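Chain by chain, the residues:
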Amino acid sequence: EWTWVKGALSTIDRPYGIFDFFHHRIGSTHVVHHLFHEMPWYNALKATHAVKAYLEPKGLYNYDPTFWPLAMWRIARTCHYVDSTDGIQYF
């Protein structure tokens, strides 16, 4: 069954280069942002290191180092829409 935690853990941290500075690293600390959405942005990097150390050995931490324009293009090419919203949705 789908839960809030499963949803939060399905997000991906990704480096955005110089753009990390402009949006307070929300993309490179995305997993922590979804787990602890009320945490101030200035604590997210430290929390990401702790969460990664805990989750990565369990295979629960998602990180994609793909250059973000390439990742965006890949997602645009392969993302599919959902016909129905009945029941639990898995992607």
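For clarity, every value in this text was computed on a predicted model and none was experimentally measured. (Residues numbered from 1 in each chain as written. Predicted model: local features only at pLDDT ≥ 70, side-chain atom pairs only at ≥ 80, totals over all residues. Heavy atoms only, no water.)

Chemist: Got a minute to help me understand unusual backbone geometry in this structure?
Modeler: Where the residue is not glycine, phi is negative for most of them; where a peptide bond is considered, it is trans in most cases. Backbone geometry places His24, a non-glycine residue, at a positive phi of 55°. Mapped onto the fold, His24 is located in the loop between α2 (19–22) and α3 (30–35). We note that Arg25 has phi near 60°; this positive angle belongs to a residue other than glycine. Residue classification places Arg25 among the partly exposed positions, given a relative accessible area of 40%. (Helix = DSSP H or I, 4+ residues; strand = E, 2+ residues; numbered from the N terminus. Buried < 20%, exposed > 50% of the residue type's maximum accessible area, 1.4 Å probe, protein only.)

Chemist: Can you help me understand the environment of Asn43 in this one?
Modeler: Mapped onto the fold, Asn43 is located in the loop between α3 and α4 (44–55). In this structure, the C-alpha to C-alpha distance between Asn43 and Val32, residues 11 residues apart in sequence, is 9.8 Å.

Chemist: How should a nonpolar patch on the surface be read in this particular structure?
Modeler: A cluster of nonpolar side chains, namely Ile18, Phe19, Phe21 and Phe22, defines an oily patch on the protein surface of about 490 Å² accessible area. Position of Phe19 among the secondary structure elements: in helix α2. (Patch = residues over 30% accessible without salt bridge, like charges linked within 9 Å, V, L, I, M, F, W, Y side chains within 5 Å. Areas by Shrake-Rupley, 256 points an atom, 1.4 Å probe, with all protein chains shown as cover. Salt bridge = Lys/Arg side-chain N within 4 Å of Asp/Glu carboxyl O.)

Chemist: Explain the pattern of salt bridges to me, please; I cannot follow it from the model alone.
Modeler: Charged atoms that come close allow side chains of opposite charge to pair. Per the stated rule, a full pass over the model turns up two salt bridges. The salt bridge involving Arg14 is made with Asp64; its shortest N-O contact spans 2.7 Å. Within this pair, whereas Arg14 is found in the loop between α1 (4–9) and α2, its partner Asp64 is found in the loop between α4 and α5 (68–78), the two being separated by 50 residues in sequence. The class of Arg14 is buried, set by a relative accessible area of 7%. One salt bridge in this structure joins Asp64 and Arg74, with 2.8 Å as the shortest N-O distance. Taken together, the positions of Asp64 in the loop between α4 and α5 and Arg74 in helix α5 put the pair 10 residues apart, joining distant regions of the chain.

Chemist: I would appreciate a short explanation of the packing of aromatic side chains in the present structure.
Modeler: For any pair of aromatic rings, geometry is given as the distance between the ring centres together with the angle between the planes. Using the criterion set out here, one finds five aromatic pairs in the structure. Aromatic pair Phe21 and Phe22: ring centres 5.2 Å apart, planes at 80°, arrangement edge-to-face. By relative accessible area, Phe21 is classed as exposed at 62%. Relative accessible area serves as the criterion here: at 57%, Phe22 is assigned to the exposed category. Measuring from centroid to centroid gives 5.8 Å for Trp41 and Tyr42, while their planes differ by 80°, and the two rings are edge-to-face. Note on accessibility: Trp41 and Tyr42 belong to one class, exposed. In this structure an aromatic cluster arises from ring pairing among Tyr16, Phe19, Phe21, Phe22 and Trp68. (Phe/Tyr/Trp six-rings, centres within 6.5 Å; stacked < 30°, edge-to-face > 60°.)

Such coordinate-based values are descriptive only and should not be taken to indicate function.
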